[in-house]
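Listed below are the residues making up each chain.
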Amino acid sequence: MSKKSILEVRDLHTQFETDSGVVKAVDGVSFSLQQGEIYGLVGESGAGKSVTGRSIMRLIDPPGNITDGTVRFNDENLLTLPMAEVRDIRGNEIAMIFQNAMAALNPGYTIGTQISDVLQRHKDFNDKQARERTIQLLSDVGIPDPEARFDSYPHQLSGGMCQRVVIAMALSCDPDIIIADEPTTALDVTIQAQILELLSDLRDNYGITVLLITHNMGVVASTCDRVGVMYAGEVVEEGPVQDIVAKPRHPYTMGLMQAVPRLNDARERLESIPGDMPNLLKTPNGCSFHPRCPYDAEDCRNVDPSLDPLSPDDRSTERRTACLRTDEIDFDREMAEMATEADGKEGSPKPKIPNRGRTDSDPLIEASNLQKYFDPESQSWLDRLIGEREYVHAVDDVSLDIYEGETLGLVGESGCGKTTLGRVLSHLYEPDAGTVVYAGTDLTELDRRKLKSMRGNIQMIFQDPVSSLNPRKSVYEIISRPLEIHQNIADEVARRERVEELLDSVGLKPEHASRKPHAFSGGQKQRIGIARALAVEPDFIVADEPVSALDVSIQAKIINLLMDLQEEFNLTYVFIAHDLNVVQHIADRIAVMYLGEIIECGDADDIFTPPHHPYTEMLLSSIPPLDPSAETDRIVPRGTPPSPIDPPSGCRFHTRCPRAMEECKSVVPADHQFGEDHTITCHLFDDDRDHAEINALIAEQEAYGVPKDQLVDSD
Amino acid sequence: MGWITYSVRRLLISVFVLFVASILIFSIVRLIPGDPARVFLGPTADQEAVDTLRVQLDLHLPIYEQYLNWIAGVLTGNWGNSLINDIPVFDLVLIRFPRSIQLAIFSLIIGVIISLPLGLLAALQPNSGRDYAALFFSQFGMSVPSFWLGIILMLVFGRYLGVLPASGYVSPMEDPVAAVSHMIMPAFALGTINAAVLTRFLRSEILEQRGKEYVLTARAFGHYKGTILRKYVLKNALIPYMTNLGIQFGWVLGGVVIIEVVFSYPGLGRLVLDGLLNRDYPVIQMGLLVLISTYVLVNLVVDLTYSVLNPKIRY
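Definitions and cut-offs
- Residues numbered from 1 in each chain as written.
- Chains lettered and ligands numbered in written order.
- Predicted model: local features only at pLDDT ≥ 70, side-chain atom pairs only at ≥ 80, totals over all residues.
- Heavy atoms only, no water.
- UniProt positions renumbered as here; feature names shortened; annotations may be inferred.
- Axes fitted to C-alpha atoms, helices over the stretch in contact; angles between N-to-C directions.
- Helix = DSSP H or I, 4+ residues; strand = E, 2+ residues; numbered from the N terminus.
- Parallel < 35°, antiparallel > 145°, perpendicular 65-115°, else oblique.
- Left-handed = near helix turned anticlockwise from the far one by under 90°.
- Contact = heavy atoms within 4.5 Å.
- Buried area = accessible area lost by both parts, 1.4 Å probe.
- Salt bridge = Lys/Arg side-chain N within 4 Å of Asp/Glu carboxyl O.
- Polar contact = N/O pair within 3.5 Å; in protein donor to acceptor, adjacent residues only side chain to side chain.
- Nonpolar A, V, L, I, M, F, W, Y, C, P; charged D, E, K, R; others polar.
- Phe/Tyr/Trp six-rings, centres within 6.5 Å; stacked < 30°, edge-to-face > 60°.
- Lys NZ or Arg CZ within 6 Å of the ring centre and 35° of its normal.
- Buried < 20%, exposed > 50% of the residue type's maximum accessible area, 1.4 Å probe, protein only.
- Pairing = 2+ DSSP bridges.
- Patch = residues over 30% accessible without salt bridge, like charges linked within 9 Å, V, L, I, M, F, W, Y side chains within 5 Å.
- Areas by Shrake-Rupley, 256 points an atom, 1.4 Å probe, with all protein chains shown as cover.
- Lys, Arg positive; Asp, Glu negative; His and termini not counted.
- Charge placed at Lys NZ, Arg CZ, Asp CG, Glu CD.
- Arc of directions from axis to C-beta.
- Core = buried A, V, L, I, M, F, W, Y, C linked by side-chain atoms within 4.5 Å.
- pLDDT = per-residue confidence, 0-100.

Looking up chain B in an unreviewed UniProt entry gives the name ABC transporter permease, with the organism given as Natrarchaeobius chitinivorans. Check the Sequence similarities (unreviewed entry) section of the UniProt entry for chain B; it says "Belongs to the binding-protein-dependent transport system permease family." Its UniProt record gives chain B a comment under Subcellular location (unreviewed entry), which states: "Cell membrane".

Per an unreviewed UniProt entry, chain A goes by Nickel import system ATP-binding protein NikD and derives from Natrarchaeobius chitinivorans. Its UniProt record gives chain A the following Subunit (unreviewed entry) comment, quoted word for word: "The complex is composed of two ATP-binding proteins (NikD and NikE), two transmembrane proteins (NikB and NikC) and a solute-binding protein (NikA)." For the record of chain A, the UniProt heading Catalytic activity (unreviewed entry) holds the text "Ni(2+)(out) + ATP + H2O = Ni(2+)(in) + ADP + phosphate + H(+)".

A. Quick look at the packing of helix 7 (residues 146–160) of chain B against helix 8 (residues 176–210) of chain B. Residues and elements named next belong to chain B. Where helix 7 contacts helix 8, the two axes come as close as 9 Å, and the packing angle between them is 140°. One element, helix 7, and the other, helix 8, form an angle in the oblique class. Here helix 7 runs over helix 8; the crossing is right-handed. Contacts from Ser146, Leu149, Gly150, Leu153, Met154, Phe157 and Gly158 in helix 7 reach Met185, Phe188, Ala189, Thr192 and Ile193 in helix 8.

B. Spotlight on the UniProt feature "transmembrane region" (unreviewed entry) in chain B. Residue and element names in this part refer to chain B. Following the UniProt record, the feature "transmembrane region" (unreviewed entry) maps to residues 12–32, 101–124, 136–157, 177–202, 238–263 and 283–309 here. For residues 136–157, the helix share is 91%, the strand share is 0%, and the end-to-end C-alpha distance is 23 Å. Between the C-alpha atoms that bound residues 177–202 the distance is 32 Å, and the span itself is 100% helix and 0% strand.

C. The UniProt feature "domain: ABC transporter" (unreviewed entry) in chain A, seen in detail. The UniProt record annotates "domain: ABC transporter" (unreviewed entry) at residues 7–257 and 365–620 of chain A. Summarising residues 7–257 of chain A: 40% helix, 28% strand, and an end-to-end C-alpha distance of 28 Å.

D. Seen up close, the interface of chain A and chain B. Counting from both sides, the interface comprises 35 residues of chain A and, opposite them, 21 residues of chain B. In total, chain A and chain B occlude about 2,800 Å² of area from one another, counting both sides; carbon and sulfur atoms represent 60% of this. B:Arg219 is the salt-bridge partner of A:Asp61, the closest N and O atoms lying 2.7 Å from each other. Counting the contacts that link chain A with chain B gives twelve residue pairs in polar contact (both at pLDDT 80 or more). Going through the elements one at a time, strand 6 (94–97), helix 3 (101–104), helix 4 (111–122), helix 7 (159–171) and helix 13 (381–386) of chain A are the ones with two or more residues in the side of chain A that touches chain B. Tallying contributions element by element places helix 4 of chain A first for the side of chain A that touches chain B, with six residues. Here the residues of the side of chain A that touches chain B are counted per class, giving 18 nonpolar, nine polar and eight charged.

E. Seen up close, the packing of aromatic side chains. Residues and elements named next belong to chain A. As enumerated under the stated definition, the model contains 14 aromatic pairs over all chains in all. Each member of the aromatic cluster is reached from another via a ring pair, and the members are Tyr231, Tyr252 and Phe289. Looking at Arg496, its charged tip hangs above the ring of Tyr476, at a distance of 4.1 Å from the centre.

F. Structural detail: the pairing of strand 10 (residues 234–240) of chain A. All names here are of chain A. The buried count for strand 10 comes to seven of seven residues, which makes it a mostly enclosed element. In this structure, strand 9 (residues 226–231) lies alongside strand 10, joined through six bridges in antiparallel fashion. Each bridged residue has a counterpart across the sheet, and for Val229 the counterpart in strand 10 is Glu237. Here strand 9 hands over to strand 10 after two residues, with Ala232 in that stretch at a positive phi of 50°. Bridge count for strand 10 against strand 12 (residues 320–321) is two bridges, and the pairing is antiparallel. Its bridge partner being in strand 12, Glu237 is matched across the sheet by Thr321.

G. Just a negative patch on the surface, in detail. Negative charge collects at one region of the surface, where A:Asp491, A:Glu492, A:Glu497 and A:Glu500 lie side by side. Note on placement: A:Glu497 falls in helix 17 (residues 492–505).

H. Representation of a nonpolar patch on the surface in the model. Residues and elements named next belong to chain B. Side chains of Phe147, Trp148, Ile151, Ile152, Leu155, Val156, Phe157, Tyr160, Leu161, Val163 and Ile258 sit close together on the surface and give an oily, nonpolar patch of about 1,000 Å² of accessible area. With eight residues, helix 7 is the largest single contributor of residues to the nonpolar patch. With respect to the helices and strands, the residue Phe147 is situated in helix 7.

I. The arrangement of the sheet that holds strand 23 (residues 671–673) of chain A in detail. Residues and elements named next belong to chain A. Pairing in this open sheet of eight strands is mixed, and the strands run 18-19-20-15-21-22-24-23 from one edge to the other. Unpaired on one side and paired on the other, strand 18 (458–461) and strand 23 mark the two borders of the sheet. Within the sheet, the average angular offset between the axes of one strand and its neighbour, ignoring direction, is 20°. Here strand 18 runs beside strand 19 (residues 540–544); their pairing, made up of four bridges, is parallel. Bridging from a neighbouring strand, Ile461 pairs with Ala543 of strand 19.

J. Structural detail: the pairing of strand 1 (residues 5–18) of chain A. Residue and element names in this part refer to chain A. Inspection of the sheet shows strand 1 paired to strand 2 (residues 21–34) by eleven bridges, in the antiparallel sense. By the bridge assignment for strand 2, Phe16 is matched with Val23. The antiparallel hairpin formed by strand 1 and strand 2 contains two residues in its connecting segment. With eight bridges connecting them, strand 1 and strand 4 (residues 64–73) associate as antiparallel partners. Each bridged residue has a counterpart across the sheet, and for Gln15 the counterpart in strand 4 is Asn65.

K. Here's a closer look at the packing of helix 5 (residues 89–124) of chain B against helix 6 (residues 129–143) of chain B. Residues and elements named next belong to chain B. It is the contact of helix 5 with helix 6, at a shortest axis distance of 8 Å, that shows an interaxial angle of 140°. With respect to their mutual orientation, helix 5 and helix 6 come out oblique. In this structure, the crossing between helix 5 and helix 6 has a hand that is left-handed. Every residue of helix 6 that contacts helix 5 at Ile114, Leu118, Leu121, Ala122 and Leu124 is listed here: Arg130, Asp131, Ala134 and Phe137. A breakdown of the residues in the contact of helix 5 with helix 6 according to their chemical character gives seven nonpolar, no polar and two charged.

L. Quick peek at the UniProt feature "domain: ABC transmembrane type-1" (unreviewed entry) in chain B. In the numbering used here, UniProt assigns the feature "domain: ABC transmembrane type-1" (unreviewed entry) to residues 97–302 of chain B. Its end C-alpha atoms 21 Å apart, residues 97–302 of chain B is made of 83% helix and 0% strand.

M. Seen up close, helix 11 (residues 268–278) of chain B. Residues and elements named next belong to chain B. Along helix 11, the residues classified as buried are Leu268, Gly269, Leu271, Val272 and Gly275. Considered in projection along helix 11, the buried side chains sweep an arc of 165° and stay on one side of the axis. Those residues of helix 11 that are buried lie in contact with helix 5, helix 10 (225–262) and helix 12 (281–309).

N. Representation of the nonpolar core in the model. Among the nonpolar cores identified, the biggest contains 136 residues, and A:Ile479, A:Ile530, A:Phe575 and A:Ile590 are the most heavily contacted of them. If we ignore the near neighbours within four places in the chain, the residues touching A:Ile530 are A:Ile461, A:Val506, A:Ile558, A:Leu561, A:Leu562 and A:Leu565.

O. Region of the structure containing the confidence of the model for chain B. Residues with a pLDDT of 70 or more make up 98% of chain B, whose mean pLDDT is 87. Listed scores for the predicted complex are pTM 0.80 and ipTM 0.78.

P. Focus on the sheet that holds strand 1 of chain A. Residues and elements named next belong to chain A. With respect to topology, four strands assemble into an open sheet ordered 2-1-4-5, the strand pairing being antiparallel. Only two strands of the sheet have a single neighbouring strand rather than two, namely strand 2 and strand 5 (76–77). Relative to strand 1, helix 1 (residues 49–56) is tilted by about 115°, and along the sheet it contacts strand 1, strand 2 and strand 4.

Right, dumping it as structure tokens:
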């Protein structure tokens, strides 16, 4: 099984000289790409994946420096070639695409010009030929109406479209290799699925080799052929994707796999890797993972393990791992324990998990007919004056009950209004219409003073722990501020005691109180944000994407913390997230939002197993499966969400719905009770349509499959 | 929404701003305590002369009629006569205004000629010797008051070296060389601040552009350094530079008043100043209105140009 190796990285070292010392971002990385494969480079932030990708292209700027190693491509070492020759290779034989496609395109030129420029830089094309080829490329990557799009500027396209444009640019000169650095991280799951599909197609149709850099294990599992796992500047394990995912041979890989929440897993504590990624200024002696490794032994602290093939009697010689104790650890049993837990759920009828919140009592929060519109950014005061008013329909006629002690998950694509709804529920935004009744009190009717005293009961946790903490205040000041405002603890000593108590409950130490936020890692900052929310002993917390900025291993810890705190203080959560795996793991009930409306709401188990609403189904099938062998009948999601300024008529989802019927275009669907406490807003569940008919319809759709042309965005 | 709609809207905003400005200017004269006619003629003038002047200035009419008459006059070119020498204000402004514009544009050109290369040189090698030199110039230019710089220039080049005329004005139609030699010192005194501000602005804009992801992408696609500098860095850095240039023009218009006095340059600024000293109300009103209109017009042109250069601004 020896394919032709097309690019060989050997012993690559890249360092950054900073004021506080030398950061060894890439510390002896070796791997090779084989013709026509997708090789995944996976790891958490700071592992050195992106720097590896850029080092191959010699895109390292001062204070960074490639200090050692070779990158062999076409019998030449890219690292010693003259810069002029490297420039001839860039974009021509090796192309690179980046995470934020919108920012990767020059805002001052049309996308067509930018692609043509690359063509004319490397190939002998005149303007007309370049234009024709560009239009061909745009159509190859699935951009509708490529002739017209040629003259579009980047800001006129959606993020997913821009990523297609960048991919078209990468394809333009028929490169041998594409290096894709987190190409889908900035995109919604539905768009991510489309882009990954496109990358796989390129490999199949053009034989292009792809180096896919990502932190997302699901993306790796569903797309890659082989994987290298990076940790602290080194590759710690390498092998075919199904082996890495199912049979890891390095404790770090195993930890990563266990930390990922999966659909249908039990709603219990996630496994997490203790500690944080080491500071690359001073990597630990011996194995760099040993301070966090549960199998840490004497040797591990002294000997730096090399990336060696697994023992010859193991069936595959492609597997390599950098662990001294790999033969001693029974990885398979560890993984098997997890698998049986999951299998137990899927195979046998799943035991109904009791809803933590639901009692027969009245709901803690009753929101009815909430509406919140915003003025679009593009609208000037003059437009408003003249009267051509338009609104962003962020939240449109949403009614929702939240019961004490439960977690309500709020999911949907970006721009669906979930953040706005969260803020209206916590009364950070005053709704334009509708009421929020909190424990019997209508918040919308309270005057300012009463509202202020109510605020102590409702708190928020924000997505970005960096920007939601004041960088000039110490942790003590940050956490004690709400105490001053709401609880009037005037006594300095009592306040300090309370802060230390709070720090302890979120897993930080008392001595942390005097430090400023910048001294903490991302996960720790989020803990500070949680401590601040808890300070005033709230009953209800709206957590807006609290873990989406965090790495997998840290994410697991924060989710565990949130669940522990809920139990300890009997908290009620609204948990907003775009990651269905995470929501499914933590939520008792889930509400699915689309373009400002809740289109499905019910118990977590009822929502996903099996999915009922076509949109829920689409979201669900967008998640890259963690099991690479799973040949799922995935619906490839279509298109991008329409503008919330002018939502489609009838059912708002009909423009993208694979099951759309004639009446969906004009008639607004009603809410249907579907089983106990499960509401679906969809014409498929209209009363006059009996269930046999629905099932037949679904079966018919599935047999038909989704036509290829529906892969295309339709914006 | 196309460019035309945007332009029409932008134009409407300018008209609105001018309307507000005209009310302010109109009020200045009326808000002076006492009767403007009496203030002009002095306490010893007889009542008959005062009454005649009141009629001449429309002061006997209700306030809204005064404003409407004034605006109608402004729009029809009937700007009234100077109270001092009875020459039509329109003719006075017609002579003086082009001279001031000439000086302002000349200053701005000096500002651009200095700042463009200096900002570029500084940004191409940040923290190098030449970068520090450019930043020093920039700091110096922003700190020095233009009238002081004007006096120093006048002393050095006019008095001690005697290479340039220390004051006065010559029309470029009559003698282009003499015209430039008369204008160069006041223009330089004014333009130094612009050069200083623009240098620093351009430097930081270029540095910011160089750090953009699309510049990294351009490098990853093998574009030549020159292409990247031209099409990616400069193209995007010069758009805000242009806007800033428009703002600078407004500052220059303000600075012209002082520098014209320092160099005895007979422009609109001196006309307004003399008008103020003589309480020559028609001259003050129209001088100010013309200055403000120019400022509004320049900003309109800058915004419209900006919307052509930067496709994102169009809505």
